Amino acid sequence: QVRLVESGGGLVQGGDSLKLSCAASGIDVGTNYMAWFRQAPGKEREFVAAISPSGVYIDYAASVKDRFTISKNTGKNVVTLQMNVLKPEGTAVYYCAAGSSRMIGPRGTNVWLHWGQGIQVTVSS
């Protein structure tokens with residue numbers, strides 16, 4: 001059984017940093033695509049970042065590029081999202097997602113196989 005557990009969320013001020021972690025069990029983050037999505041109130045879930053099994057392919061949404069960094073620790077089976085210079089529009093529930101070893105179009109929500117329960121990030125202005 002695959003389980004993804006997010007941690008590290010909370011309330012921060014605009015311009016602050018926050019690091020989210022996703023502890024995976026039942027799936028190897030080193031051999032599968034992993035990603036972060038977020039969903040703001042009243043909006044659809046949107047892509048944030050994805051990382052390939054090898055870590056060579058990394059993709060970011062334009063809105064977070066140069067501020068967020070996705071990475072993974074295969075020894076601990078954890079995926080992290082370092083978020084810097086947070087903005088109020090970044091307030092959302094952040095979700096960890098796990099895919100397969102080969103994926104096409106990782107920005108779509110329907111291609112991901114497993115989801116975490118989500119964690120709240122609130123950025124005050």
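Quick look at the structure, then. (Residues numbered from 1 in each chain as written. Predicted model: local features only at pLDDT ≥ 70, side-chain atom pairs only at ≥ 80, totals over all residues. Heavy atoms only, no water.)

This brings us to the sheet that holds strand β7 (residues 68-73). A sheet is described by the order of its strands in space; here 4 strands give the open sequence β1-β3-β8-β7, paired in antiparallel fashion. Two strands in the sheet have a free side with no partner beyond their single neighbour: β1 (3-7) and β7. Ignoring strand direction, the axes of neighbouring strands in this sheet form an average angle of 15 degrees. Note: β7 against strand β8 (residues 78-83), 6 bridges, orientation antiparallel. Paired with K72 across the bridge in β8 is V79. (Pairing = 2+ DSSP bridges. Helix = DSSP H or I, 4+ residues; strand = E, 2+ residues; numbered from the N terminus. Axes fitted to C-alpha atoms, helices over the stretch in contact; angles between N-to-C directions.)

Let us look at the state of the cysteines. Throughout this description, disulfide means a covalent bond between two cysteine sulfur atoms. This structure, assessed with the given rule, holds 1 disulfide. Through a disulfide, C22 is tied to C96; the S-S separation comes to 2.1 Å. Here C22 and C96 share a disulfide; its torsion about the S-S bond, -75 degrees, makes the bridge left-handed. In this pair, C22 sits in strand β3 (residues 18-25) while C96 sits in strand β9 (residues 92-98), placing the two residues 74 residues apart along the sequence. (Disulfide = S-S within 2.5 Å.)

Okay, the packing of aromatic side chains next. Inspection of every chain in the model, using the stated rule, returns 5 aromatic pairs. For the pair F37 and W115, a centre-to-centre distance of 5.0 Å together with 65 degrees between the ring planes defines the contact as edge-to-face. Of this pair, F37 sits in strand β4 (residues 34-39) while W115 sits in strand β10 (residues 114-115), placing them 78 residues apart in sequence. Given a relative accessible area of 28%, W115 falls into the partly exposed group. For the ring pair Y95 and W115, a centre distance of 6.4 Å and an interplane angle of 85 degrees mean the geometry is edge-to-face. Taken together, the positions of Y95 in strand β9 and W115 in strand β10 put the pair 20 residues apart, joining distant regions of the chain. Given a relative accessible area of 13%, Y95 falls into the buried group. Members of the aromatic cluster, connected to one another through ring pairs, are F37, F47, Y95, W112 and W115. We note R45 situated over the ring of Y95; from NZ or CZ to the ring centre the distance is 3.6 Å. The ring of W115 has R45 sitting right over it, with the charged end atom 4.7 Å from the ring centre. (Phe/Tyr/Trp six-rings, centres within 6.5 Å; stacked < 30°, edge-to-face > 60°. Buried < 20%, exposed > 50% of the residue type's maximum accessible area, 1.4 Å probe, protein only. Lys NZ or Arg CZ within 6 Å of the ring centre and 35° of its normal.)

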